[in-house]
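As a plain string of letters, each chain reads:
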Amino acid sequence: MTTVHERVDTFHDNDQKPVGYGRMLRKEDPRFVRGRGRFVDDIRLPGMLHLAILRSPVAHARILSIDTSAAEASPGVKAVVTGAMLAEQGLAWMPTLSNDVQAVLATDKVRFQGQEVAFVVAEDGYAARDALELIDVEYDVLDPVVDARRALEPGAPVIRDDLEGKTDNHCFDWETGDEAATAAVFARADVVVSQDLVYPRVHPAPMETCGAVADFDAVDGKLRLWSTTQAPHAHRTLYALVAGIPEHKIQVISPDIGGGFGNKVPIYPGYVCAIVASIVTGKPVKWMEDRSENLISTGFARDYIMRGEIAATRDGRILAIRTNVLADHGAFNGTAAPVKYPAGFFGVFTGSYDIEAAYCKMTAVFTNKAPGGVAYACSFRITEAVYLVERIVDCLADELGMDPAELRLKNFIRPEQFPYTTKTGWVYDSGDYEPTMRLAMEMAGYADLRREQQEKRARGELMGIGIAFFTEAVGAGPRKNMDILGLGMADGCELRVHPTGKAVVRLSVQSQGQGHETTFAQIVAEEIGIPPDDIDVVHGDTDNTPFGLGTYGSRSTPVSGAAAALVARKVRDKARIIASGMLEVSVADLEWDKGSFRVKGDPGKSVTIQDVAMRAHGAGDLPEGVEGGLEAQICYNPSNLTYPHGAYICVVDIDPGTAQVKVRRFIAVDDCGTRINPMIIEGQVHGGLADGVGMALMEMIAFDEDGNCLGASLMDYLLPTALEVPDWETGFTVTPSPHHPIGAKGVGESATVGSPPAIVNAIVDALEPFGVRHADMPLTPSRVWDAMRGNARPPI
Amino acid sequence: MQVPAPFEYERATSVDHAISLMERLGSTSRLIAGGHSLLPMMKLRLASFDYLIDINDLHDELGYIEAGPGEMRIGALTRHRELLESATLTAAFPIFADAERVIADPVVRNRGTLGGSLCQADPSEDLSAVCTALDASCVIRGPGGAERLVSMEEFHVGPYETAVGDGEILVEIRLPVRPGCGSAYEKVERRAGDWAVVSAGAAVWLDGGVISDARVGLAAVGPNTTGIPEISAALRGQEPSESLFEQAGAIAARSCDPATDQRGSADYKRHLADELTRRTLRRAVERARS
Ligand SMILES: Cc1cc2nc3c(=O)[nH]c(=O)nc-3n(C[C@H](O)[C@H](O)[C@H](O)COP(=O)(O)OP(=O)(O)OC[C@H]3O[C@@H](n4cnc5c(N)ncnc54)[C@H](O)[C@@H]3O)c2cc1C
């Protein structure tokens with residue numbers, strides 16, 4: 001394991017098109033910057049109808065009656081469908097990704113505001129929307145369960161009375177670690193600090209909302225579905241299971257996708273409605289939700305109410321971490337996570353520290369809120385885990401009177417301990433934390449910042465420095481223990497080299513902005529020496545790509561990236577045999593020089609990969625036993641997750657009069673192993689950091705006491721703008737993954753995971769003169785002001 | 001796709017044409033100026049009208065900033081962006097540029113208008129506070145071309161309610177120009193482009209080092225964005241000082257009536273009314289002096 005420690009990459013000239021890794025402009029960008037992307041809403045088929053969904057205005061109510069007659073008579077309306085009608089076909093309910101069920105259209109009750117109640121199909125979107133207002137639903141409004149803390153109280157209204165024998169709102173219990181061993185360590189520790197923390201409900205809020213165009217051909221029985229999905233293959237299988245359409249008759253196409261962040265992992269009722277509508281009307285049907293629908297009804301993230309406890313020696317050795325979590329899963333358990341991981345990968349809450357014991361106990365409950373618990377770049381709940389550990393480590397530093405950087409440095413897992421098995425059973429593949437931390441401190445000028453802070457404090461100015469150090473677990477996952485609804489999380493990949501030496505690589509993962517068309521071309525280029533521009537990357541169409549589970553949880557590079565490298569090596573192995581025939585030497589006498597095979601000791605004699613491709617398809621003999629063509633396919637089953645890490649330092653200034661927070665600087669040093677395209681990595685980091693600013697300072701899906709969603713528009717649910725973020729200062733170290741074929745680890749979510757605790761730690765640090773030890777997100781000016789006055793309160 | 005309920009639409013060719021259309025179509029019609037308040041409400045189907053009368057073609061007639069003797073006149077269709085970029089306006093009343101810089105975003109400012117802002121009468125709206133601080137009066141034209149002049153106090157009837165009656169249109173805002181004036185605006189927002197948590201505008205007029213008049217307008221602290229006469233009374237005839245500003249801030253805090261919401265707690269907003277009143281008065285005095 002080598003760790004390279006550098007601040008910036010040597011810059012490859014973009015025009016020189018590196019054959020392989022390096023900075024290179026994104027191949028997909030010309031079509032996006034010129035407005036030529038093709039998104040679901042751009043799909044227009046002849047005779048296409050439009051679907052709009054009627055949603056519940058209340059959080060919890062029994063449906064007494066639905067009168068659709070006026071809507072049916074409305075001009076342009078082709079069909080109005082209710083839950084009762086779906087129930088006749090056995091389609092009123094569908095499975096969620098967590099083995100629960102969710103109503104496609106409500107039949108008995110509505111269980112959250114915004115739940116799907118009926119849909120209208122009409123000649124255009126306007127007619128469909130207008131007809132919604134003519135549907136008359138009579139509701140018997142019930143008491144809602146809004147506060148997760150009260151969900152299990154005796155007498156609380158039972159939300160899931162659809163489940164046989166259900167008499168409470170309990171969703172599941174989960175635990176990890178060793179309770180007794182942890183209690184023993186806590187009992188003998190010099191110092192124990194505990195802190196209640198809330199990670200509020202937030203929303204992925206991708207720019208493009210969810211939608212689908214369904215086109216069912218009654219003659220050949222084939223369903224073509226364009227949809228906003230991050231996991232086209234998984235969706236295809238699920239549609240086959242739900243709708244009973246044979247899987248080979250379903251084609252799911254995920255065209256250009258305008259952001260996912262986990263929001264587009266689940267199957268939403270709207271997709272199923274569009275399919276049903278196309279079957280019923282015999283026409284293609286488009287459903288595209290609006291912004292409010294996206295915010296109130298689709299998968300949210302977080303919503304964990306946590307108590308963190310940390311035990312340490314007086315001199316700052318961390319001994320154990322314990323946590324108790326109450327998880328709000330909304331009305332249906334729609335969490336997207338491997339089935340055996342109901343709390344996702346929250347088990348990595350022990351962070352980057354070498355400790356003696358750990359224990360977590362979690363209770364999840366149903367509430368009258370939108371279902372989900374999806375990613376939002378959470379790499380399966382690691383966002384919550386990292387926030388927990390990095391916040392309580394700061395609380396401990398405060399208690400010990402120790403510098404938070406020093407406390408972290410003292411407790412890091414050391415490089416020689418890798419692979420390191422945590423006290424909750426995760427096997428960290430590789431890591432070298434101290435150089436990453438030291439680089440961030442050096443870039444920040446940490447000692448100078450602390451001096452500046454002292455001077456400012458003396459003048460009554462509020463400046464804070466916050467640190468977060470994270471280890472992520474990404475790249476789900478080994479099929480022996482990771483599956484979603486029985487589908488193993490291994491990824492296929494196919495590579496075909498054409499006669500002229502150009503190539504096409506087919507992937508199961510789907511890009512929502514991650515730059516796959518470039519990164520994957522570069523991975524293949526690095527292995528077979530064909531320039532990235534000569535490699536077409538095909539993805540997002542189940543008829544044209546091999547099976548795999550999709551893009552989320554930072555899994556594309558760890559899983560499909562490995563598949564792409566290995567399939568290219570397989571092609572190269574075949575090319576080597578053909579080359580040996582062409583050069584009339586044995587395979588062992590050839591050496592590979594990225595792009596060509598040379599005869600050892602006779603450098604003048606060589607053939608390029610392009611020459612080999614032509615020979616593979618051309619006339620003339622091939623070596624014995626070699627079939628024509630130059631292609632291969634593979635299915636990669638990762639042996640472990642990959643564990644990227646990073647050190648983030650945030651500097652904030654707070655206006656003492658108005659309590660407004662300004663993020664002045666943000667230093668992010670990421671280690672995601674081998675770096676394929678540094679520019680794309682930085683783009684992922686920049687976006688994630690902006691996300692973090694949003695969550696730390698302003699984002700929250702709030703509800704009033706009746707369960708009304710208070711974040712139903714982007715005027716109410718605030719996303720950060722360029723004006724709230726500083727110039728990002730990024731750096732990197734490289735600690736390759738030992739088990740990944742090219743040593744790469746995921747990076748898509750690192751910054752979203754690492755930045756919120758850094759920002760909150762900075763704000764709490766700034767508020768030290770007021771004796772503040774913790775304040776929950778979102779740290780709006782009002783909530784910071786409350787904290788300054790000793791009134792820090794949880795947001796829910 | 002968020003779309004309004006069906007409506008009919010006509011573009012007015014003159015102010016009088018707009019008035020006659022309103023007269024004919026009655027209360028189911030609405031004027032549309034920049035549309036940045038009206039259209040979001042219609043798209044969310046919080047409001048629907050049978051007819052929209054578009055006055056954007058009247059920019060020649062209603063979009064202007066004219067400095068006259070003793071008075072500055074601004075047409076109701078003057079866009080936020082024009083207010084922000086007007087050197088004449090900024091020289092006389094820098095409070096406008098202060099406020100415009102933090103109203104919404106460039107897209108909204110390109111279209112949204114002064115008249116639309118005042119007529120929307122959203123309690124969080126910024127230009128009402130600006131106009132209140134500057135002691136503006138509003139020219140309202142009605143059927144037959146009759147015009148009446150009302151003060152900002154009279155103009156604001158309540159949240160989302162103004163003195164503009166059926167068949168009437170706001171055509172102009174008049175700002176008295178008096179010597180020794182300084183003005184300033186401050187807003188606290190959760191994020192750029194967001195509506196105010198609280199904002200405050202102040203204007204002071206100095207005469208020989210003494211405050212001859214002073215006015216403060218607040219936004220987002222209660223149903224009405226009105227001036228606070230008690231502040232004016234406390235400041236008039238005094239020499240500017242920190243303790244005087246503190247006194248004004250305290251009056252602002254106790255005179256307003258904010259509600260707790262997603263933007264902040266009532267206590268915090270009250271505190272901001274105080275803090276921002278002091279800050280804007282301080283800056284206004286500095287500007288009046290220079
Ligand atoms: C994202 C966003 C953020 C915003 N942030 C802010 C902010 O921070 N601060 C702020 O102050 N504002 C903000 N606004 C509102 C913006 O300033 C609006 O443009 C303004 O409030 C209304 O102006 P308009 O010309 O668009 O009016 P319109 O929306 O066209 O009309 C509003 C109302 O006024 C009536 N009306 C318009 N002109 C006249 C007239 N001449 N006579 C009589 N009635 C008339 C209309 O009939 C309608 O009822 C924001 C708007 C958006 C969309």
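Residues numbered from 1 in each chain as written. Chains lettered and ligands numbered in written order. Predicted model: local features only at pLDDT ≥ 70, side-chain atom pairs only at ≥ 80, totals over all residues. Heavy atoms only, no water.

**A word on the sheet that holds strand 28 (residues 596–599) of chain A**
Residue and element names in this part refer to chain A.
Then comes step 1: Pairing is antiparallel in the open sheet, where 3 strands are placed in the order 27-28-29. Unpaired on one side and paired on the other, strand 27 (590–593) and strand 29 (602–608) mark the two borders of the sheet. When strand polarity is set aside, the average angle formed by the axes of neighbouring strands in this sheet is 35°.
Then comes step 2: With 4 bridges joining them, strand 27 and strand 28 adopt antiparallel strand pairing. When the bridges of strand 28 are listed, E591 appears paired with R598. (Pairing = 2+ DSSP bridges. Helix = DSSP H or I, 4+ residues; strand = E, 2+ residues; numbered from the N terminus. Axes fitted to C-alpha atoms, helices over the stretch in contact; angles between N-to-C directions.)

**Describing the environment of D207 of chain B**
Then comes step 1: Tracing the backbone through its elements, the reader meets D207 of chain B in strand 12 (residues 198–207).
Then comes step 2: C-alpha separation for the pair D207 of chain B and Q262 of chain B, spaced 55 residues apart in sequence, amounts to 42 Å.

**Notes on the interface of chain A and chain B**
Then comes step 1: In this complex, chain A contributes 31 residues to the contact, which on the side of chain B involves 26 residues.
Then comes step 2: In this assembly, chain A packs against chain B so that about 2300 Å² is buried in total across both faces, 54% of it on carbon and sulfur atoms.
Then comes step 3: Counting the contacts that link chain A with chain B gives 3 salt bridges.
Then comes step 4: Two residues, R279 of chain B and D655 of chain A, come together in a salt bridge whose shortest N-O distance is 2.7 Å.
Then comes step 5: Taken together, chain A and chain B are joined by 10 residue pairs in polar contact (both at pLDDT 80 or more). (Contact = heavy atoms within 4.5 Å. Buried area = accessible area lost by both parts, 1.4 Å probe. Salt bridge = Lys/Arg side-chain N within 4 Å of Asp/Glu carboxyl O. Polar contact = N/O pair within 3.5 Å; in protein donor to acceptor, adjacent residues only side chain to side chain.)

**What about the UniProt feature "domain: Aldehyde oxidase/xanthine dehydrogenase a/b hammerhead" (unreviewed entry) in chain A?**
Then comes step 1: The UniProt record marks residues 34–143 of chain A with the feature "domain: Aldehyde oxidase/xanthine dehydrogenase a/b hammerhead" (unreviewed entry), using the residue numbering of this structure.
Then comes step 2: This span, residues 34–143 of chain A, is 17% helix and 37% strand, and a straight line between its end C-alpha atoms measures 51 Å. (UniProt positions renumbered as here; feature names shortened; annotations may be inferred.)

**Considering the UniProt feature "domain: FAD-binding PCMH-type" (unreviewed entry) in chain B**
Then comes step 1: Per the UniProt entry, the sites bearing "domain: FAD-binding PCMH-type" (unreviewed entry) are residues 2–180 of chain B in this numbering.
Then comes step 2: End-to-end, the C-alpha atoms of residues 2–180 of chain B are 49 Å apart, and along that stretch the chain is 37% helix and 25% strand.

**Section: the domain arrangement of chain B**
Many structure descriptions define interface size as the accessible area lost when the parts assemble.
Residue and element names in this part refer to chain B.
Then comes step 1: Domain boundaries in chain B define domain 1 (8–54), domain 2 (67–176) and domain 3 (181–289).
Then comes step 2: Spacing between the C-alpha centres of domain 1 and domain 2 amounts to 19 Å.
Then comes step 3: Taken residue by residue, the interface counts 12 residues in domain 1 and 17 residues in domain 2.
Then comes step 4: Taking both sides of the interface into account, the surface hidden between domain 1 and domain 2 amounts to around 1100 Å²; carbon and sulfur atoms contribute 69%.
Then comes step 5: Summed over the shared surface of domain 1 and domain 2, the number is 1 salt bridge.
Then comes step 6: The closest approach of N and O atoms between D16 and R141, which form a salt bridge, is 3.5 Å.
Then comes step 7: For the interface between domain 1 and domain 2, the tally reads 0 residue pairs in polar contact (both at pLDDT 80 or more).
Then comes step 8: Here the residues of the side of domain 1 that touches domain 2 are counted per class, giving 6 nonpolar, 4 polar and 2 charged. (Domains from an automatic or database assignment. Nonpolar A, V, L, I, M, F, W, Y, C, P; charged D, E, K, R; others polar.)

**What to know about the pattern of salt bridges**
Then comes step 1: Counted by the stated rule, this structure contains 85 salt bridges over all chains.
Then comes step 2: Notably, a salt bridge pairs R23 of chain A with E682 of chain A, separated by 2.8 Å at the nearest N-O pair. Linking R23 of chain A in the loop between strand 1 (4–6) and helix 1 (29–33) with E682 of chain A in helix 16 (residues 678–697), this pair joins segments that are 659 residues apart in sequence.
Then comes step 3: With a relative accessible area of 10%, R23 of chain A lands in the buried category.
Then comes step 4: One salt bridge in this structure joins D213 of chain B and R178 of chain B, with 3.3 Å as the shortest N-O distance. Of this pair, D213 of chain B sits in strand 13 (residues 210–219) while R178 of chain B is found in the loop between strand 10 (169–176) and strand 11 (181–188), placing the two residues 35 residues apart along the sequence.
Then comes step 5: Residue D213 of chain B is classed as buried on the basis of its relative accessible area, which comes to 10%. (Buried < 20%, exposed > 50% of the residue type's maximum accessible area, 1.4 Å probe, protein only.)

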